[in-house]
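Chain by chain, the residues run as shown.
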Amino acid sequence: MLQEINHTFITLIPKVDIPQNVTQFRHISCCNILYKAISKILCTRVSAVLPDLINKAQGGLIKGRSIVENILICEDLMLKALNFPGKTMELIMTCVRSKSYSLVLNGENFGYFKGAKGLRQGDPISPLLFTISMDYLSRILNHVTSIMPFKYHPLCAQMQLTHLMFADDLLLFSKGDIPSVMVLLSEGVLPFKYLGVPISAGKLSIKHCYGLIEKITERIRGFAARVLSYAGRLTLVNLVLTSLYSYWATIFVIPKGYTTTSGYCWIRHSQPVVTWDKAVWNSWCISKNSFINWLIAREALLLKDKLLQIGVVADSACCICGADTESHRHLFVQCQHTQKLVKLLSCKLNVKLPAVYLITWIQSKPWAKVKKNVIIAWIQALYYAIWHQRNKSRLEGVLDQPEVVLKQISSMLLMRSIFWLKCIKKSSDETWVKSINY
């Protein structure tokens, strides 16, 4: 194989404006595409025969073997010899020995040097060679335990099992006498961690699950979580809670008293009780409206009063009326445009709506279920429309008349009203809903 084929350019990307040392660069290795093809072909051929050649104790990096198998076996217990073709070995060793590097800085190539040892990071051959090397450890352990004074663990004698491996995680088994332990040169206590989960001779207790909670907490509270959007945070929480919890649940029976909900509450800590939760998270409302109203209730929208503090805008005047500082209270209660919309909505619903934050106000009203839920849905749609009008005015310089906005709200809720009618049992309620939506 030509030496140039196994040559790599190491591109140095600065992490800071003026880097002073090597640690302030991020390196990216750019391999030859022809070498990648050769490496991939070798991996495909070798990986096809590895399951028949590698000791069953190795559970990682081999197709058809699972990390869960090693843990389950462990839980049960707690209660040139490979004959590869010469041409294949020659090609593999050529890949290992012939690599070379050059540095790429500011778009220019510098230097040329040989790789001292090992394969480059990310080379697909690397895990296969590691698996073969670890197989020799399996052979050594099996040989040593057969010729030295070694006694199997009582539950391992029938299988003659001395160890389990998953990639570079190794678990050794022997009888608890000194000669057997000295053969393996290892000693430990229960419970201990193996492949990220606690191994114990008995049932897991809630305290054993603290490691799971810490992992979830670490990922949710990490830097990446703080800079994600709300949708991104939701995806992160779903992926973290589901994947970590499911991994543990496929191996153990999670102790009673520990659930995903209790874990979430432990991470979130206690929060003050709010009065608007049922009015915001209401099944009669449109989901996007509920989300915006949740942000409004928490005063979490990025209005001009907040944008001015972080230097994003030059002034804090309301984007709709321009008369006062654009805050949550001004935009959704005091703004002239908002007050006109509230009056129109009052006439349409035949309900007197005061000049306050209506989601909090309606929570205390002793109205019938249907009337209350329908009015909540209209109020949520109103606040969503105000937020939409604010953005439209700021970005496009266009503001619709209140009458037009009310028609838009009515159109938004038209399909939702079909769901309402299915939930209504009284004919009087059905007549009232149709009168305001059709």
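Bear in mind that the values here come from a model prediction, so they are computed numbers and not experimental data.

How each quantity is defined
Residues numbered from 1 in each chain as written. Predicted model: local features only at pLDDT ≥ 70, side-chain atom pairs only at ≥ 80, totals over all residues. Heavy atoms only, no water. Phe/Tyr/Trp six-rings, centres within 6.5 Å; stacked < 30°, edge-to-face > 60°. Helix = DSSP H or I, 4+ residues; strand = E, 2+ residues; numbered from the N terminus. Buried < 20%, exposed > 50% of the residue type's maximum accessible area, 1.4 Å probe, protein only. Lys NZ or Arg CZ within 6 Å of the ring centre and 35° of its normal. Salt bridge = Lys/Arg side-chain N within 4 Å of Asp/Glu carboxyl O. Patch = residues over 30% accessible without salt bridge, like charges linked within 9 Å, V, L, I, M, F, W, Y side chains within 5 Å. Areas by Shrake-Rupley, 256 points an atom, 1.4 Å probe, with all protein chains shown as cover. Pairing = 2+ DSSP bridges. Axes fitted to C-alpha atoms, helices over the stretch in contact; angles between N-to-C directions. Expected span 1.5 Å × (residues − 1). Contact = heavy atoms within 4.5 Å. Core = buried A, V, L, I, M, F, W, Y, C linked by side-chain atoms within 4.5 Å.

Asker: Please clarify how the packing of aromatic side chains should be interpreted in this entry.
Answerer: Each aromatic ring pair is characterised by the separation of its centres together with the angle its planes make. For the structure shown, the criterion picks out 7 aromatic pairs. Aromatic side chains W281 and W294 sit 6.0 Å apart centroid to centroid with 45° between the ring planes, which places their arrangement in the tilted category. Pair noted here: W281 is in the loop between α10 (277–280) and α11 (287–297) and W294 is in helix α11, with a separation of 13 residues, a long-range link. Of the residues examined, W281 reaches a relative accessible area of 49% and is grouped as partly exposed. An angle of 20° between the planes, with centres 6.3 Å apart, marks the rings of W284 and W420 as stacked. Placement of the pair is W284 in the loop between α10 and α11 and W420 in helix α17 (residues 402–423), with a sequence separation of 136 residues. Judged by relative accessible area, W420 falls into the buried class, the value being 0%. An aromatic cluster is defined as three or more aromatic residues linked by ring pairs; in this entry it consists of W281, F291 and W294. The lysine or arginine in question, K371, covers the ring of W367, its NZ or CZ lying 4.9 Å from the ring centre.

Asker: Just to check I follow, could you spell out the pattern of salt bridges for this structure?
Answerer: When charged atoms on two side chains of opposite charge get close, those side chains can pair. Following the criterion strictly, the structure yields 4 salt bridges and no others. For D400, the salt bridge identified is with K392, shortest N-O distance 3.1 Å. On the basis of relative accessible area, D400 is assigned to the buried category, the value being 15%. E430 is the partner of K434 in a salt bridge, and the nearest nitrogen-oxygen pair spans 3.1 Å. Here the residue K434 and the residue E430 both occupy positions in helix α18 (residues 427–437), the gap between them amounting to 4 residues, near one helical turn.

Asker: Before we go on, may I ask you to explain a nonpolar patch on the surface in this structure?
Answerer: Taken together, the side chains of L414, M415, I418 and Y438 make up a nonpolar region of the molecular surface, amounting to roughly 420 Å² of accessible area. Summarising the element assignment, Y438 is placed in the segment after α18. Residue class for Y438 comes out exposed when judged on its relative accessible area of 52%.

Asker: Is there a simple way to explain the sheet that holds strand β4 (residues 108–114) in this structure?
Answerer: Strands belonging to one sheet form pairs held by backbone hydrogen bonds; the direction of such a pair is parallel or antiparallel. One open sheet accounts for 4 strands, arranged β2-β1-β3-β4; its pairing is mixed. The open sheet has two edge strands, β2 (25–31) and β4, and neither has a second partner. Put simply, the sheet's adjacent strands are angled 25° from each other on average, direction ignored. Across 7 bridges, the pairing between strand β1 (residues 7–14) and β2 is antiparallel. The residue of β2 that forms the bridge with F9 is C30.

Asker: Explanation requested: helix α14 (residues 336–349) in the structure shown.
Answerer: Residues spaced three or four apart along an α-helix face the same direction, because each turn holds 3.6 residues. Helix length check: α14 (14 residues) gives 20 Å between terminal C-alpha atoms against 20 Å at 1.5 Å per residue, within 8%. In this fold, the buried residues of α14 make contact with α13 (328–334), α15 (358–362), α16 (369–396), α17 and α18. Positive phi shows up at N350, right after α14, with a value of about 60°.

Asker: Can you walk me through the nonpolar core in this structure?
Answerer: A general trend in soluble globular proteins is that nonpolar side chains are found buried together. Core analysis: the biggest nonpolar cluster contains 52 residues, and F332, I359, V374, W378, Y383, I409 and W420 have the highest contact counts within it. Where this core is concerned, the elements lending two or more residues are α10, α11, α13, α14, α15, α16, α17 and α18. At 14 residues, α16 tops the list of elements feeding residues into this core. Residues within four places of V374 in sequence aside, it is in contact with W284, W420, W432, V433 and I436. In terms of nonpolar packing, the next biggest core, distinct from the first, is built from 13 residues, L50, I54, C95 and L128 among them.

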